[in-house]
Amino acid sequence: MSDPASVSRDDGRSLPILGGLFSGAVAAAVSVIATYVLLFDADDGFGRNVGGVLEQAGAIGDPLNLAYWAVLERQFVDIHSTTDAGTETVTVIAAETTTVPPVGYTLIPVFALVLAGYITAKAYGASTETGALTGAFVTVGYLPAMVGIQTMATVSREQTGAGGAVTVEPSLLQTVLFAGLLFPVLCGVVGGYLYTLQT
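Draft legend 1. Just the packing of aromatic side chains, in detail. Tallying each qualifying case throughout the model produces three aromatic pairs. The interplanar angle of 80° and the centroid separation of 5.7 Å between the aromatic rings of Tyr118 and Tyr195 together place this pair among those described as edge-to-face. Of this pair, Tyr118 sits in helix H4 (residues 102-124) while Tyr195 sits in helix H7 (residues 172-197), and the two are 77 residues apart along the sequence. Assessed through its relative accessible area of 24%, Tyr118 is described here as partly exposed.

Structure, rendered in structure tokens:
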């Protein structure tokens, strides 16, 4: 009979929840920071690298909110702008206005999550059979982080002059389904699987 102290963590009696919580949260933070950096243009600040959301949101379009919106938008989350005239979906990252191709902003969370899945599987000591599933535990940290970003990115302010109040709000349902579940599960699985190739 084996000594319980020598049994690997990958024995079915524990789950990489803490590892997934940490790596998922870090992946979310890295996504926001990297997006923020890419949005900035040395010659034109943040004006050149965003689409019509600046015109729609007016003073709301501060740099950090733009980064939040961009991170969510590139994970298939619609960004809604509501004024007295109605509600419409706005584009944060537009191909004709950005110095970085829109796909580049999508790859930021993809790479961050794949790496997070790899690290989670490695820290857990996942086996070949469980590595991919272990990587998906990054969702534990990434989902609440995305919901938190959606909450912080939902802003409403009064505009000066005509137009009245403007509210910019990412879709909560799409945030949960796409940014909070689809992306971390798929990318985390890939990262976990890549770890198993090294074992």
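Draft legend 2. A look at the packing of helix H3 (residues 63-73) against helix H6 (residues 139-152). Here H3 crosses H6 at 130°, and the two axes come no closer than 9 Å. With respect to H6, the element H3 is oriented oblique. Like other packed secondary-structure pairs, H3 and H6 cross with a definite hand, here left-handed. Note on element contacts: H6 touches H3 through Met146, Ile149, Gln150 and Met152, opposite Asn65, Tyr68, Val71 and Leu72. The class makeup of the residues in the contact of H3 with H6 is six nonpolar, two polar and no charged.

Draft legend 3. Looking closely at the environment of Ala25. Looking at the element boundaries, Ala25 is found in helix H1 (residues 17-39). Of the residues examined, Ala25 reaches a relative accessible area of 35% and is grouped as partly exposed. The spacing of Ala25 and Ala116 is 91 residues in sequence and 9.2 Å in space, taken between C-alpha atoms.

Draft legend 4. Structural context of unusual backbone geometry. The phi dihedral of Phe76 falls on the positive side, at around 70°, and the residue is not glycine. In this fold, Phe76 is placed in the loop between H3 and strand S1 (79-83).

Draft legend 5. Looking closely at the sheet that holds S1. If you walk across this open sheet you meet the four strands as S2-S1-S4-S3, and the pairing is antiparallel. Taken across any chain shown, the strands that pair with only one partner, and hence form the sheet edges, are strand S2 (86-90) and strand S3 (155-158). For this sheet, the mean angle separating the axes of adjacent strands, direction not counted, is 20°. By the bridge criterion, four bridges tie S3 to strand S4 (residues 165-170) in an arrangement that is antiparallel. From the neighbouring strand, Arg157 faces S4, where its bridge partner is Val166.

Draft legend 6. How the structure looks around the nonpolar core. The biggest cluster of nonpolar side chains holds 33 residues, and the ones touching the most others in it are Leu39, Trp69, Leu72, Ile79, Leu113 and Met146. At the level of elements, H1, H3, H4, H6 and H7 are the ones that each hand at least two residues to this core. No other element matches H3, which puts seven residues into this core. Setting aside its immediate chain neighbours within four residues, Ile79 contacts Trp69, Leu72, Glu73, Glu88, Thr89, Val90, Val92, Val168, Glu169 and Pro170.

Draft legend 7. Quick peek at the pairing of S1. Bridge count for S1 against S2 is five bridges, and the pairing is antiparallel. Residue pairing across strands places Ser81 opposite Glu88, the latter belonging to S2. As judged from the four bridges shared by S1 and S4, these two strands associate in the antiparallel manner. Within S4, the residue paired with His80 across the bridge is Glu169.

The rules behind the values
In every chain, residue numbers begin from 1 and rise along the written sequence. For this predicted model, a pLDDT threshold of at least 70 governs which residues receive local features, and a threshold of 80 or more governs which side-chain atom pairs are given and counted, while totals over whole chains, interfaces and linings are taken from all residues. Side-chain metrics in this entry use all non-hydrogen atoms of the structure; hydrogen atoms and water are not considered. Stacked, tilted and edge-to-face are the three classes applied to pairs of Phe, Tyr and Trp rings, where Trp contributes its six-membered ring and a pair requires centres within 6.5 Å; stacked means planes under 30 degrees apart, edge-to-face means over 60, and tilted covers the rest. Comment: elements are numbered from the N terminus, with helices defined as DSSP H or I runs of at least four residues and strands as E runs of at least two. Exposure is judged per residue with a 1.4 Å probe applied to protein chains only, and the accessible area is read against the type maximum: over 50% gives exposed, under 20% gives buried, and values in between give partly exposed. The axes are straight lines fitted to the C-alpha atoms, using for helices just the contacting stretch, and the angles between their N-to-C directions are given from 0 to 180°. The labels follow the angle: roughly parallel below 35 degrees, roughly antiparallel above 145, roughly perpendicular from 65 to 115, and oblique for the rest. The handedness criterion is simple: a crossing whose near helix is rotated anticlockwise from the far helix by less than a right angle is left-handed, and one whose near helix is rotated clockwise is right-handed. Contacts between residues were defined by any pair of non-hydrogen atoms, one from each residue, lying within 4.5 Å. Three categories are distinguished: nonpolar for Ala, Val, Leu, Ile, Met, Phe, Trp, Tyr, Cys and Pro, charged for Asp, Glu, Lys and Arg, and polar for the others, with Gly belonging to the last. Only strands that DSSP links by at least two bridges are regarded as paired with each other. Remark: nonpolar core denotes a set of buried residues (Ala, Val, Leu, Ile, Met, Phe, Trp, Tyr, Cys) joined through side-chain atoms within 4.5 Å.

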